[in-house]
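The chain contents come next:
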Amino acid sequence: HMDDRKREDDTVVSTETKDTESNLTTEKIESTDNAGVKSKNKYTYAISFVILVIIGFGLVFLLERDGRIQTNLFAGIIADMENKKPVAKVNGAVIQMSDLNSGVKQLSVAAQSQGQDVDSEEAIKQFRDQVIETLINGEILRQKAKAEGFSTTTEAINSRYNQIKEGVGGEEALVAKMAEFNVTEANLRRDIENEIIIQALFDSIIDKDLLEVTEEEIKGFYDQAGGADAGLPPLKEVSEQIVQQIKQDKEQQQVGTYLEGLRTEAKIEILI
């Protein structure tokens, strides 16, 4: 009987032990599940916070870009985006807002120095239209020059750059001018390169025979300018200058006709 009693006690102890282990296991699982839920919640909260921050910054960016608020958080990014904004396309090549603004500024300064109104809406629109047309024409001619195989060298670009620098009064004066017109040195060198290859294109299409100037043309130009009655020097003293001016006018006429032909073949999109 004692053996039977002992077996019963052992059975009870074994059962209680198993129940205890089961309870501990259950508590451990529940504890693990709770930790997992808490961890998951923390992760979800973190993701939600990041999303809200992104949305918030995106909203601030859009509002500041549209000028509805001013935080200056995105001033540099917005300015860069504005500068790169396309204002026109020529055969798919983009003309950027920075070039338009720089051209308008230069034209405005030149007009102001001659006493013209530069602040009216009409004047500003006229400047913008004129600069866009100039930029479009320049891009058409640049593309044609490239297609015809014209190129230049670093030495030629440097030489022209130095000429411009000396012409405005040195390095500091040039840097000041570029800052005034929001032009970088890279942009200036790019424009110099375009100037050189476009001039090479002009030289190739100009008919020199059509540049001959007659005595009648010289006298007609002089008389049209008012002659001696307008206080001009005697014709003999200014005849060479008149010849150069007439030749330049004839070159411009040839270039204008040539450019019109190129424009008819180009795909031009004005985006503003």
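Chemist: Give me the overall build of the protein: which residues, what numbers.
Modeler: The helix and strand inventory of the protein stands at nine helices and three strands. Shown N-terminal to C-terminal, the secondary structure of the protein runs as helices and strands in the order α-α-β-β-α-α-α-α-α-α-α-β. By residue count, 22% of the 272 residues in the protein fall in the buried class. Considering only contacts within the protein whose residues lie at least 6 apart along the sequence, 65% involve residues at least 24 apart. Accessible area for the protein stands at about 19200 Å²; split by element, carbon and sulfur atoms hold 53% of it.

Chemist: Mind laying out the packing of helix α5 (residues 154–168) against helix α6 (residues 171–180), listing which residues take part and the relevant values?
Modeler: Packing of α5 against α6 brings their axes to within 7 Å, and their N-to-C directions diverge by 95 degrees. Viewed along their axes, α5 and α6 adopt a mutual orientation that is roughly perpendicular. From α5, Tyr-161, Ile-164, Lys-165 and Val-168 reach across to α6, where they touch Glu-171, Ala-173, Leu-174 and Met-178. Residue composition of the contact of α5 with α6, grouped by class: six nonpolar, no polar and two charged.

Chemist: So what's going on with the sheet that holds strand β2 (residues 93–96)? Residues and values would help.
Modeler: Strand order in the open sheet formed by three strands is β2-β1-β3, and the pairing between neighbours is antiparallel. The outermost strands of the open sheet, each flanked by one partner alone, are β2 and β3 (268–270). Going from strand to strand, the sheet's axes swing by 20 degrees on average, the running direction of each strand aside. Inspection of the sheet shows strand β1 (residues 86–90) paired to β2 by four bridges, in the antiparallel sense. Residue pairing in the sheet places Lys-89 in a bridge with Val-94 of β2.

Chemist: Before we move on, could you go through the nonpolar core and cite the residues and values that matter?
Modeler: One finds Val-87, Ile-95, Leu-100, Phe-127, Ile-136, Ile-140 and Leu-141 to be the most contacted residues of the largest nonpolar core, which totals 27 residues. Broken down by secondary-structure element, the contributors of at least two residues to this core are β1, α3 (97–113), α4 (121–147), α7 (185–205) and α9 (235–265). Residues Tyr-161, Met-178, Phe-181 and Ile-192 belong to the second largest nonpolar core, which totals eight residues.

Chemist: Report on a nonpolar patch on the surface, specifying residues and quantitative values.
Modeler: Together, Ile-270, Leu-271 and Ile-272 make up a nonpolar patch on the protein surface, roughly 260 Å² of accessible area in all. Tracing the sequence through the fold places Ile-272 in the segment after β3. Of the residues examined, Ile-272 reaches a relative accessible area of 43% and is grouped as partly exposed.

Chemist: So what's going on with the packing of aromatic side chains? Which residues, and what values?
Modeler: This structure, assessed with the given rule, holds zero aromatic pairs. Over the ring of Tyr-161 we find Arg-189, and its NZ or CZ is 4.2 Å from the ring centre.

Chemist: Which residues make up the packing of α4 against α9, and what values do they have?
Modeler: For the pair α4 and α9, the least separation of the axes is 10 Å and the interaxial angle reads 85 degrees. What the angle tells us is that α4 and α9 run roughly perpendicular. In this structure, α4 contributes Glu-133, Ile-136, Asn-137, Ile-140, Leu-141 and Lys-144 to the contact, and α9 contributes Tyr-258, Leu-259, Leu-262 and Arg-263. Residues of the contact of α4 with α9, tallied by class, amount to six nonpolar, one polar and three charged.

Each value, and the rule that gives it
- Residues numbered from 1 in each chain as written.
- Predicted model: local features only at pLDDT ≥ 70, side-chain atom pairs only at ≥ 80, totals over all residues.
- Heavy atoms only, no water.
- Helix = DSSP H or I, 4+ residues; strand = E, 2+ residues; numbered from the N terminus.
- Buried < 20%, exposed > 50% of the residue type's maximum accessible area, 1.4 Å probe, protein only.
- Contact = heavy atoms within 4.5 Å.
- Areas by Shrake-Rupley, 256 points an atom, 1.4 Å probe, with all protein chains shown as cover.
- Axes fitted to C-alpha atoms, helices over the stretch in contact; angles between N-to-C directions.
- Parallel < 35°, antiparallel > 145°, perpendicular 65-115°, else oblique.
- Nonpolar A, V, L, I, M, F, W, Y, C, P; charged D, E, K, R; others polar.
- Pairing = 2+ DSSP bridges.
- Core = buried A, V, L, I, M, F, W, Y, C linked by side-chain atoms within 4.5 Å.
- Patch = residues over 30% accessible without salt bridge, like charges linked within 9 Å, V, L, I, M, F, W, Y side chains within 5 Å.
- Salt bridge = Lys/Arg side-chain N within 4 Å of Asp/Glu carboxyl O.
- Phe/Tyr/Trp six-rings, centres within 6.5 Å; stacked < 30°, edge-to-face > 60°.
- Lys NZ or Arg CZ within 6 Å of the ring centre and 35° of its normal.

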